[in-house]
Amino acid sequence: MRAARVIAVVPAHNEAGAIGGVVDGIRSLHPHFDVVVIDDGSTDDTAAVAAARGAAVVSLPFNLGIGGAVQTGFKYALEQDYELAVRLDGDGQHDPAELPRLLAPIERGEADIVTGSRFASGDGDYRPPLARRIGISWFAGLVSLLTRRRVTDTTSGFQAMNRKGIALFADDYPNDYPEVEATVLVFKHRLRLTEVPVQMREREHGQSSITVVRSIYYMVKVTLALLMAMMRKVAAPAEESRR
Amino acid sequence: MTPIRVSIAASIASLLLLLVVLELIRGRRLKEKYALLWLVTGIVLLVLSAWRDGLNTIAGWLGVATYPPAILFAVATLFVIVVLLYYSTVLSRLADQNTILAQRVALLEQRLSARSGGGPGEVDGGPPPAVSETR
């Protein structure tokens, strides 16, 4: 049996310093993966660096925000008929060495989407700042309550998915801080989501776009979005509604 | 009773609003679709301003008979809120369409450069490229 075609989706906004290492890391550990970098309206050399390291580069004409960028990657994966997709952040937080563990439950047919969770195991040494921790546990609690499933890390963008997951996210993916709402979306569409514990590294370059004031704004906004997403009727299954 | 001067001033203001809206439509600076709510606003305000008995009667129903012009403010405010809300929905839709457009342009550009350059962007097994034999 031939290996499934896998695409690594890497959203990047002004990550010229880190993106080369991310692409190299994926390609050296997993030579059979294709890599697509979504350059989210960067003003630095992100696109050029990524292309030079052998990634396909999709350059958005202006900054769409993380949700719009990631969705572009899934649209690309759907268009190019990839069977599996993994998503890693362009800042080097996600370790490509953990990808096989994310893909394993999908390859065993046990899940449609797998999230790498910093908190699933409990022994991770990742300690986000306080404001971040409050936000993370608020959403983990709320999402677990809404979906009646235990979700420990709703803000992780370290994910793997099969064709069903790709089709869903290509069709509908939330905007800012999208991972939280996406979890509810996955649940509403009755796809199977699993978490596996992972370690995340510190950012290598630049700084997180999330500040305390923004955290509060996003908490309110995303909470509203979550409640609305739960109340919204689900459209026809994404797979059939496309193409 | 409504003071006559309030009626005159309010009528003139409503007329001006109507004229400005019509002029904007004429000059193609405002689409009819978005102008309708403004026209309705102007007409309703004009009617309430000029038809003094009507304004007094409505004020009586709502318990502000001592100062009927309050109804003009209330109606104007209500319409402004409705117009703003409507514009928010328009804006949201435009933002969505803008996102979809940006994504489609970016994907097409990528496909184009992958095809012509045959560089690192090239991906095998995609949707059958019309000019695949050029590789």
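Residues numbered from 1 in each chain as written. Chains lettered and ligands numbered in written order. Predicted model: local features only at pLDDT ≥ 70, side-chain atom pairs only at ≥ 80, totals over all residues. Heavy atoms only, no water.

Scanning chain A for helices and strands turns up nine helices and seven strands. Here chain A holds 243 residues, and 55% of them are scored as buried. Taking as baseline every contact in chain A between residues at least 6 positions apart, the subset at least 24 positions apart corresponds to 77%. Here chain A has roughly 10,900 Å² of accessible surface; of this, 54% comes from carbon and sulfur atoms. (Helix = DSSP H or I, 4+ residues; strand = E, 2+ residues; numbered from the N terminus. Buried < 20%, exposed > 50% of the residue type's maximum accessible area, 1.4 Å probe, protein only. Contact = heavy atoms within 4.5 Å. Areas by Shrake-Rupley, 256 points an atom, 1.4 Å probe, with all protein chains shown as cover.)

Going through the model one piece at a time under the given rule, you end up with seven aromatic pairs over all chains. On the basis of an interplanar angle of 50° and a centroid distance of 5.3 Å, the ring pair of A:Tyr217 and A:Tyr218 is categorised as tilted. Between B:Tyr34 and B:Tyr87 the ring centres are 6.3 Å apart and the planes differ by 90°, which places this aromatic pair in the edge-to-face class. A residue pair is termed long-range when its members are at least 10 positions apart, and B:Tyr34 in helix α2 (residues 32-50) and B:Tyr87 in helix α4 (residues 70-117) qualify at 53 residues. A network of ring pairs unites the aromatic residues A:Phe74, A:Phe169 and A:Tyr173 as a single cluster. (Phe/Tyr/Trp six-rings, centres within 6.5 Å; stacked < 30°, edge-to-face > 60°.)

Glancing now at the packing of helix α3 (residues 65-79) of chain A against helix α6 (residues 163-171) of chain A. Residues and elements named next belong to chain A. The geometry of α3 relative to α6 is characterised by a closest axis approach of 8 Å and an angle of 130° between their N-to-C directions. In this view, α3 runs oblique relative to α6, as classed from their interaxial angle. For the element pair α3 and α6, the recorded crossing hand is left-handed. In contact with Gln 71, Phe 74, Lys 75, Ala 77 and Leu 78 of α3, α6 contributes Arg 163, Ile 166, Ala 167, Phe 169, Ala 170 and Asp 171. (Axes fitted to C-alpha atoms, helices over the stretch in contact; angles between N-to-C directions. Parallel < 35°, antiparallel > 145°, perpendicular 65-115°, else oblique. Left-handed = near helix turned anticlockwise from the far one by under 90°.)

Here the focus is the interface of chain B and chain A. Each partner contributes residues to the interface: chain B has 17 residues there, and chain A has 21 residues. Both sides of the chain B and chain A interface together cover about 1,600 Å² of buried area, and 58% of this is carbon and sulfur. Linking chain B with chain A are one salt bridge. Residue B:Arg111 is joined to A:Glu79 by a salt bridge in which the shortest nitrogen-to-oxygen separation is 3.1 Å. Partitioned by chemical class, the residues of the side of chain B that touches chain A number seven nonpolar, seven polar and three charged. (Buried area = accessible area lost by both parts, 1.4 Å probe. Salt bridge = Lys/Arg side-chain N within 4 Å of Asp/Glu carboxyl O. Nonpolar A, V, L, I, M, F, W, Y, C, P; charged D, E, K, R; others polar.)

Moving on to the nonpolar core. Residue and element names in this part refer to chain A. Within the largest apolar cluster, 31 residues are counted, with the highest numbers of intra-cluster contacts made by Ile 7, Val 36, Phe 74, Tyr 76 and Phe 169. Among the elements that line this core, the one with the most residues is α3, at six residues. Among all residues touching Phe 169, those that are not within four sequence positions of it are Gln 71, Phe 74, Ile 113, Gln 159, Met 161, Ala 182 and Val 186. Ile 19, Val 22, Val 86 and Leu 103 belong to the second largest nonpolar core, which has 29 residues in total. (Core = buried A, V, L, I, M, F, W, Y, C linked by side-chain atoms within 4.5 Å.)

Turning our attention to the side chain of A:Thr152. Residues and elements named next belong to chain A. Mapped onto the fold, Thr 152 is located in the loop between α5 (130-147) and β6 (159-161). Reaching out from Thr 152, the side chain makes a polar contact with the side chain of Ser 117 at a distance of 2.7 Å. If we skip the residues at most four places from it in the chain, Thr 152 touches Ser 117, Phe 119, Ala 120, Ile 136, Ala 140 and Glu 195. (Polar contact = N/O pair within 3.5 Å; in protein donor to acceptor, adjacent residues only side chain to side chain.)

All names here are of chain A. With their axes 10 Å apart at the nearest point, α5 and helix α7 (residues 178-188) run at an angle of 10° to one another. Looking at the two axes, α5 sits roughly parallel to α7. Between α5 and α7, the residues in contact are Phe 139, Val 143, Leu 146 and Thr 147 and Val 180, Thr 183, Val 184 and Phe 187, respectively. Here the residues of the contact of α5 with α7 sort into six nonpolar, two polar and no charged.

A few words now on the UniProt feature "transmembrane region" (unreviewed entry) in chain B. Residues and elements named next belong to chain B. This chain's UniProt record puts "transmembrane region" (unreviewed entry) on residues 6-25, 34-52 and 58-87. In residues 34-52, the share of helix is 95% and the share of strand is 0%. The end C-alpha atoms are 29 Å apart. In this annotation, residues 58-87 is assigned 77% helix and 0% strand; the end-to-end C-alpha distance for the span is 29 Å. (UniProt positions renumbered as here; feature names shortened; annotations may be inferred.)

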